[in-house]
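# Residue-level structural notes
The chain contents come next:
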Amino acid sequence: MYEILFFGVLIAYLISAACFSISLISTRTFINKLAVFFTIFGFITHTATLILRTIAAKFPPMSNLYESMSLFAWTIVLVFLIVYYKYKINIFGVLVMLISSLVILYASTLDSAIRPLLPALQSYWLAVHVITCFLSYACFACAFSLGIMYLIQERQVKTKQLGWFFSRMPSLAIMDKINHNIILVGFVLLTAGIITGSVWAQTAWGNWWSWDPKETWALITWLIYAAYLHARLNAGWRGKRAAILSIIGFVSVLFTYLGVGLLMSGLHSYL
Amino acid sequence: MMNIELIGISHKTAPIEIRERLSFSNGSLEKALCLLIQNSGIKEGVILSTCNRVEIYAFGDNGCSLSSCLTDFLSMFHDINKDDFQNHLYSLRGLSAIRHLFRVSSSLDSQVLGENQILGQIKTAYFKAKDVMALSSQGAFLFEEAIKLGKRVRSQTQIGYGAVSISTAAVEMTKKIFEDLSQKKVLIIGAGKIGELSVRHLYDRGVEVVLVANRTKARAQDLANKFNGKAVDFSKVTEVLKEADIVICSVSSPHLLVTKSQVVEIMGQRKQRPVFFIDLGLPRNIDPQINDLDNVYVYNLDDLKKVKDVNLRERLKEAEKIESIIDECLHKISGRVNNA
């Protein structure tokens, strides 16, 4: 049952990405509605798989790479739906739903067996810490997509090569604005994620901070986005520079999330 | 069986001198329609008279030709010798007449491909004819089909998409850079025609302040009044430049009006808030290298023309789709039309 539902999520996200792509060509609003329907349908099914797994394992599904990948995709789609509710940008839907599909696809190649929860993770802090961190990652993933879109559109406006994409992309101002807002939210969440992690570490190990590689990289990521927000506020780093920073920031997020776990060992090695 | 014929002149076949002499004013249309259907053989009629075309559609009994009758009617009504306009006239019957009507209603025959006005004009002509009982079953059916088709192609294709004039292309680019124009300031330097037209479009889309600078102060004030704006002394342009989000320039000046170093300084003061320069001057008023700066965009006449041409090409592609939609529609009703 769980496997079927999980596969259904993948299919729904892929169909949604396809529908968002078709809606760039077609003038029919029906395709657009279909894309939104499949996104929401996939998201609800996805939520159901997370709940089913929580019931089966008796703890929230965030204790290994497979589970965290699924959670990552879920938070990305959640953040996307919130942004899409306000700004109906179909091309953004194409990018984000493709990324989510890829994450799910990767997750489905991983070991999905439920194993007993490590004693170190048996705490209410687990859910709070992991969810805030992943919501911030999801914000940064969406900002990354918008950053790429911004750079493409900016290039087209600058070089005056107004191709097929030009008319289908939103305005520069709107992409810059969403990018900024979403990073602001992501930054607050990441801060909260680092603090909750630190508090948890204090209660579990008696140490607020132990320079574990994941902690260090989370701090580096935090600094990059702090620099982004600072430069934007004070030096007027908007537009192209802001878009580039949002891309660099997400590379750092990916390294914090995946690179550290794959390349280094530390306190977060179960992920 | 439907027996339809039409005669007409349009921007494609006749100069404005002839079109204006043959056009029907709103007031004379009712009278003309009544006279038209008094002709023996003509049962129903519609007159479509716009600034680009005058067309008379007539529905009659099978087997008799209406076109000479229509020409006579046109000549008589406007009191013009037939020979004066006959060379400019086109006359179509049966399916080709219907195809023409469908192409007109879907704006394929318009001067600006994909423009929206013609559909409204056809609707008006249709209601006018209906009001004076000049239309009954056959003609009404056909015109309703034409109006339906006009609506359909506008919603199902992108025939009306994208700006196809210089001034609307300028507005399209402005929207692609700023999105919301409601709090934007426009500075217009010099008072050219395209410049004024561009400001008019921007003003209609809600820009907040319009500043006008012109060498002749009176002209500046005149233009400013039109847009609820402010006239600025020409010597003070550099001072207000940093306030403006959109700068439209059309001054005949041998040297550059805005330089790169000037803009670098301004951008610092503006905290990098974007600026869009629209350079309509010839020779150019704005250093083209300014376009290399972050958050600054410079479009000159040629660039805007390119935007317009790209859009027009897109519309031409859409027009092909519409031609096949029309083929489909014609196929459906071909059984009901006398095409002999």
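Residues numbered from 1 in each chain as written. Chains lettered and ligands numbered in written order. Predicted model: local features only at pLDDT ≥ 70, side-chain atom pairs only at ≥ 80, totals over all residues.

## Section: the overall build of chain B
A tally of regular secondary structure across chain B gives 13 helices and ten strands. For chain B, the spread of C-alpha atoms along the three principal axes comes to 80 × 40 × 30 Å. Counting only residues that meet the buried cut, chain B has 42% of its 340 residues in that class. For chain B, the proportion of contacts with a sequence separation of at least 24, taken over those separated by at least 6, is 71%. (Helix = DSSP H or I, 4+ residues; strand = E, 2+ residues; numbered from the N terminus. Buried ≥ 20, exposed ≤ 12 C-beta atoms within 10 Å, placed from the backbone. Contact = placed C-beta atoms within 7 Å.)

## Structural notes on the overall build of chain A
Within chain A, the regular secondary structure consists of nine helices and zero strands. Across chain A, helices and strands are ordered from the amino to the carboxyl terminus as α-α-α-α-α-α-α-α-α. Taking 18 Å as the expected radius of gyration for a compact globule of 271 residues, we find that chain A reaches 19 Å, a close match to that expectation. Principal-axis analysis of the C-alpha atoms places the extent of chain A at approximately 60 × 50 × 30 Å. Every one of the 271 residues in chain A was classed for burial, and the buried ones make up 42%. Within chain A, contacts between residues separated by at least 24 positions form 79% of all contacts whose residues are at least 6 apart in sequence. (Rg over C-alpha atoms; globule rule 2.2 N^0.38 Å.)

## Quick notes on the domain arrangement of chain A
Residues and elements named next belong to chain A. Segmenting chain A into domains produces domain 1 (1–116) and domain 2 (118–271). For domain 1 and domain 2, the distance between their C-alpha centroids amounts to 20 Å. Taken together, the contact pairs 22 residues of domain 1 with 23 residues of domain 2. Elements represented by at least two residues in the side of domain 1 that touches domain 2 include exactly helix 3 (65–86) and helix 4 (90–107). Top element by residues in the side of domain 1 that touches domain 2 is helix 3. It accounts for ten residues. By residue class, the composition of the side of domain 1 that touches domain 2 is 18 nonpolar, four polar and no charged. (Domains from an automatic or database assignment. Nonpolar A, V, L, I, M, F, W, Y, C, P; charged D, E, K, R; others polar.)

## Thoughts on the confidence of the model for chain B
Averaged over every residue, the pLDDT of chain B is 90; the share at 70 or more is 99%. If you check the scores for this complex, the pTM reads 0.83 and the ipTM reads 0.85. (pLDDT = per-residue confidence, 0-100.)

## Focus on the domain arrangement of chain B
By a frequent convention, interface size equals the accessible area lost on bringing the separate parts together. You can read the domains of chain B as domain 1 (4–156) and domain 2 (166–306). Computed over C-alpha atoms, the centres of domain 1 of chain B and domain 2 of chain B are 44 Å apart.

## Overview of the pairing of strand 8 (residues 246–249) of chain B
Residues and elements named next belong to chain B. Residues of strand 8 alternate between two faces, with I246 and I248 on one and V247 and C249 on the opposite face, all of them buried. Relative to strand 8, strand 5 (residues 185–189) runs parallel, the two being bridged by four bridges. Paired with I189 across the bridge in strand 8 is C249. In this structure, strand 8 lies alongside strand 9 (residues 275–279), joined through four bridges in parallel fashion. Counted as the bridge partner of C249 is D279 from strand 9. A crossover connection joins strand 8 to the parallel strand 9 through helix 12 (residues 260–269); in handedness this β-α-β unit is right-handed. (Pairing = 2+ DSSP bridges. Right-handed = clockwise from strand over helix to strand, strands pointing away.)

## Some words on unusual backbone geometry
In this structure, the amide linkage connecting B:L282 to the following residue, B:P283, adopts the cis form with an omega of 5 degrees. One non-glycine residue with positive phi stands out, namely A:K58, at about 65 degrees. In this structure, A:K58 sits in the loop between helix 2 (29–57) and helix 3.

## Describing the interface of chain A and chain B
Taken together, the contact pairs 16 residues of chain A with 21 residues of chain B. Those elements that place two or more of their residues in the side of chain A that touches chain B are helix 5 (124–159), helix 7 (172–205) and helix 9 (240–263) of chain A. When residues of the side of chain A that touches chain B are assigned to their parent elements, the largest contribution, three residues, is made by helix 7 of chain A. Among the residues forming the side of chain A that touches chain B, the class breakdown is six nonpolar, five polar and five charged.

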